[in-house]
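What follows is each chain in one-letter form.
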Amino acid sequence: MKLQKTAASAAVILALAATAACGGKEGSAGDEQGGKTDEKALPTYKVAKDVKVDSSVLKAAQKRGKIVIGAKADQPYLGFQDQSTKKYSGFDIEIAKMIAADLGFSEKQIKFETVDSGAREQAVRKGDVDLMIGTYTINPERKKQVDFAGPYYHAGAALLVRKDEKKITGPETVKGKKVCSIVGSTPLQEIKKPKYGGKVTELAKYSDCVKQLVDGQVDAVTTDDAILKGYAADNPKKLKVVGKPFTDEPYGVGMKKGDNALQKAVADALVAHQENGDYKKAYDATLGKSGSKFQEPPALEEK
Ligand code: GLU
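Keep in mind that what you see is a predicted model, and the values were worked out from it rather than measured.

Here we take up the overall build of the chain. In terms of helices and strands, the chain carries ten helices and 13 strands. Burial status across the chain gives 53% buried among its 303 residues. In the chain, once contacts between residues fewer than 6 apart in sequence are set aside, the share between residues at least 24 apart is 72%. Only carbon and sulfur atoms are counted for the fraction: they give 52% of the accessible area of the chain, which is about 13,400 Å².

With that settled, consider the sheet that holds strand S2 (residues 74–75). Taken in spatial order, the three strands line up as S2-S3-S4 in an open sheet, and their pairing is antiparallel. The open sheet has two edge strands, S2 and strand S4 (88–89), and neither has a second partner. Inspection of the sheet shows strand S3 (residues 79–81) paired to S4 by two bridges, in the antiparallel sense. Bridge pairing links Gln81 to Tyr88 in S4.

Here the focus is empty space enclosed by the protein. The full count for this structure, using the stated rule, is two cavities of 30 Å³ or more. As a volume, the largest cavity reaches approximately 60 Å³. If you list the elements that add at least two residues to the lining of the largest cavity, you get helix H6 (186–191) and strand S11 (220–224). Roughly 50 Å³ of internal volume is contained in the second largest cavity. Along the wall of the second largest cavity there are ten residues; nearest its centre are Glu39, Tyr88, Ser89, Glu94 and Lys97. Mapped by element, the contributors of at least two residues to the lining of the second largest cavity are S4 and helix H3 (91–102). For the lining of the second largest cavity, the class distribution of residues is three nonpolar, three polar and four charged.

In this section: the site of the ligand. Close to the ligand lie 17 residues; Ser117, Thr135, Thr137, Tyr206 and Asp224 are nearest. Here Ser117 contributes a side-chain N or O atom positioned 2.5 Å from an oxygen atom of the ligand. Backbone polar atom of Thr186 to an oxygen atom of the ligand: 2.9 Å apart, as the coordinates give it. Here the ligand has 280 Å² of accessible area as a free molecule, and 100% of this is covered by the chains.

This next bit is on helix H9 (residues 260–275). A rise of 1.5 Å per residue sets the reference length of H9, with its 16 residues, at 22 Å; its end C-alpha atoms lie 22 Å apart and thus fit the reference within 8%. Looking at H9, one finds that the buried residues are Leu262, Gln263, Ala265, Val266, Ala267, Ala269, Leu270, His273 and Gln274. Taken together, the buried residues of H9 touch helix H2 (56–64), H3, strand S6 (131–132), strand S7 (146–155), strand S13 (249–256) and helix H10 (278–285). One or two steps after H9, the chain reaches Gly277, where phi turns positive at roughly 95°.

Tallying each qualifying case throughout the model produces twelve aromatic pairs. These aromatic residues form a ring-pair network of at least three members: Phe91, Tyr152, Tyr153, Tyr251, Tyr279, Tyr283 and Phe294. One residue, Lys280, lies across the ring of Phe294, its end atom 5.0 Å from the ring centre.

Once that is clear, we can look at H10. Listing the buried residues of H10 in full gives Asp278, Tyr279, Ala282, Tyr283 and Ala285. On its buried side, H10 packs onto H3, S7 and H9.

Read across the open sheet, the five strands follow the order S10-S9-S11-S8-S12; overall the sheet is mixed. A strand with exactly one partner marks an edge of an open sheet, and here the two such strands are strand S10 (199–203) and strand S12 (239–242). This sheet shows a mean twist of 30° between the axes of neighbouring strands, independent of strand direction. Sheet strands in contact with helix H7 (residues 206–214) are strand S8 (157–162), strand S9 (178–182), S10, S11 and S12, and its direction is about 150° off that of S11. Where helix H8 (residues 225–234) meets the sheet, its contacts fall on S8, S11 and S12, and the angle it forms with S11 comes to roughly 130°.

Looking now at the pattern of salt bridges. Inspection of the entire model under this criterion finds 17 salt bridges. Here Lys193 ties to Glu190 by a salt bridge, and the two come within 2.8 Å at their closest N and O atoms. Using a relative accessible area of 37% as the deciding quantity, one classes Lys193 as partly exposed. Salt bridges here are not isolated pairs; linked through shared partners, they connect Glu94, Lys97 and Glu107.

The rules behind these values
- Residues numbered from 1 in each chain as written.
- Predicted model: local features only at pLDDT ≥ 70, side-chain atom pairs only at ≥ 80, totals over all residues.
- Heavy atoms only, no water.
- Helix = DSSP H or I, 4+ residues; strand = E, 2+ residues; numbered from the N terminus.
- Buried < 20%, exposed > 50% of the residue type's maximum accessible area, 1.4 Å probe, protein only.
- Contact = heavy atoms within 4.5 Å.
- Areas by Shrake-Rupley, 256 points an atom, 1.4 Å probe, with all protein chains shown as cover.
- Pairing = 2+ DSSP bridges.
- 1 Å grid on protein atoms, 1.4 Å probe; cavity = no way out; pocket = protein on both sides within 12 Å on 5 of 7 lines; lining within 4 Å.
- Points joined across faces, edges and corners; volume = space filled by probe spheres on them.
- Nonpolar A, V, L, I, M, F, W, Y, C, P; charged D, E, K, R; others polar.
- Near = heavy atom within 4 Å.
- Polar contact = N/O pair within 3.5 Å; in protein donor to acceptor, adjacent residues only side chain to side chain.
- Expected span 1.5 Å × (residues − 1).
- Phe/Tyr/Trp six-rings, centres within 6.5 Å; stacked < 30°, edge-to-face > 60°.
- Lys NZ or Arg CZ within 6 Å of the ring centre and 35° of its normal.
- Axes fitted to C-alpha atoms, helices over the stretch in contact; angles between N-to-C directions.
- Salt bridge = Lys/Arg side-chain N within 4 Å of Asp/Glu carboxyl O.

Here it is, written out as structure tokens:
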């Protein structure tokens, strides 16, 4: 891990040493650490026993003794995989753990699979993952292919730029600028609109876009503010987030279409953990540490 030798970095090293879930350098870009989960402040989730839900997806998971959850691996504070321990951490990972617990699976019985934005619908449809929990915006196009429970959080698109950037202040200022975003993501669709006039680079991974930004190959990265704030928090000397949120990104848990019993069970789990305080506790220990303000959990969509 490459860290500059400053007092701030020394503090970071101490903080990293105190947590088991610190991120490795790979899988992210530049000097960042992948989000510093406050392990001790995380809730513990009581694993339900003898769960009976009339869901084919869940029954198959019970038979195999593991639930497979699609996650992100390069979003500090949200869904991040430490390349040395292989452990995943972040707010979405906690959402996954709380839902899994209510479905009868302990943390050890969760198999996280990294799924990039452009591969999510297919992973769910093919049954490669039982649930997809990774900054997954609920929208009408995706609903044609998968079902969602949620939303459990609202993000909005913003821009990540280099710290010394003065000209880019929002989407209306990217004309002629090189902007990187992610294949299969909703903010990419937005920034490609001719009205913005940016030169758009499309990559598969957030970490690749951020690396290009740090290296000067692009001028900005656009995606959800929650994701960008995590990168900026981990690399505050080089990066900053600009622009008011210019899209609405309601995050949902994706699953196979038509498994209504599973959809209800997941929705019930989200509500239960919001009501018992786990949601806020988990948020404060993960995403809350990157500077994203806590929001009261949104009301869940009716089926
Ligand atoms: N929430 C947006 C989406 O679902 C962007 C973040 C992501 O790529 O996961 O497309």
